[in-house]
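# Architecture and fold: a report
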Amino acid sequence: MDEDGLPLMGSGIDLTKVPAIQQKRTVAFLNQFVVHTVQFLNRFSTVCEEKLADLSLRIQQIETTLNILDAKLSSIPGLDDVTFEVSPVSVPGVTKESHSETTSEKSQQNSLQDSGPQESEVTPENILTVAKDPRYARYLKMVQVGVPVMAIRNKMISEGLDPDLLEGRNA
């Protein structure tokens, strides 16, 4: 016996002499278990659906915000002729590189004008750059505004565009 007075080995009751539990009680216990389990699962699935609906709403709000941002970027005049090279290391370097590249393009245009018409085959109007391509224009605007480069790369890949062109590797 332990400290409570209960036997350590079995209950000491002869189970052959104990009457069986009534079938009605067994069915009632089983039904109660099933009802409580179904109620729990229904509450659980309702909570999960609510959380998924909230998450879906948040995703839709983010998509709407991104579309508004894209529309605002598209409305800024004068960004079509801006070219720059994206540095994957630091975003602040992007603006410095874009400024220096724009300056170098202007100096190249001035040198072409000075050299005369004998080099007419290499005019800036005949060269299609990524900055002049309307498919890439909105991504270049996103970089200028400060959207993370990896997010832009993922968006470009999802739309079937080459993200390496944004960085000037293949431009």
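Small disclaimer: the values here were computed from a predicted structure and weren't measured.

On to helix α3 (residues 134-145), then. For an α-helix, 3.6 residues make a turn, and residues three or four places apart therefore share a direction. For α3, spanning 12 residues, the distance from its first C-alpha to its last is 17 Å, which sits close to the expected 16 Å at 1.5 Å a residue. Inspection of α3 places Y136, A137, Y139, L140, K141, M142 and V143 among the buried residues, and these make up the whole buried set. Just beyond α3, the residue with positive phi is G146, at close to 110°.

All chains considered together, the criterion is met by 1 aromatic pair. Note on F40 and F44: the rings are 6.3 Å apart at their centroids and 20° apart in plane angle, and the pair reads as stacked. Remark: F44 and F40 occur in helix α1 (residues 23-74); sequence separation between them is 4 residues, near one turn of the helix. Of the residues examined, F40 reaches a relative accessible area of 46% and is grouped as partly exposed.

Cut-offs applied
- Residues numbered from 1 in each chain as written.
- Predicted model: local features only at pLDDT ≥ 70, side-chain atom pairs only at ≥ 80, totals over all residues.
- Heavy atoms only, no water.
- Helix = DSSP H or I, 4+ residues; strand = E, 2+ residues; numbered from the N terminus.
- Expected span 1.5 Å × (residues − 1).
- Buried < 20%, exposed > 50% of the residue type's maximum accessible area, 1.4 Å probe, protein only.
- Phe/Tyr/Trp six-rings, centres within 6.5 Å; stacked < 30°, edge-to-face > 60°.

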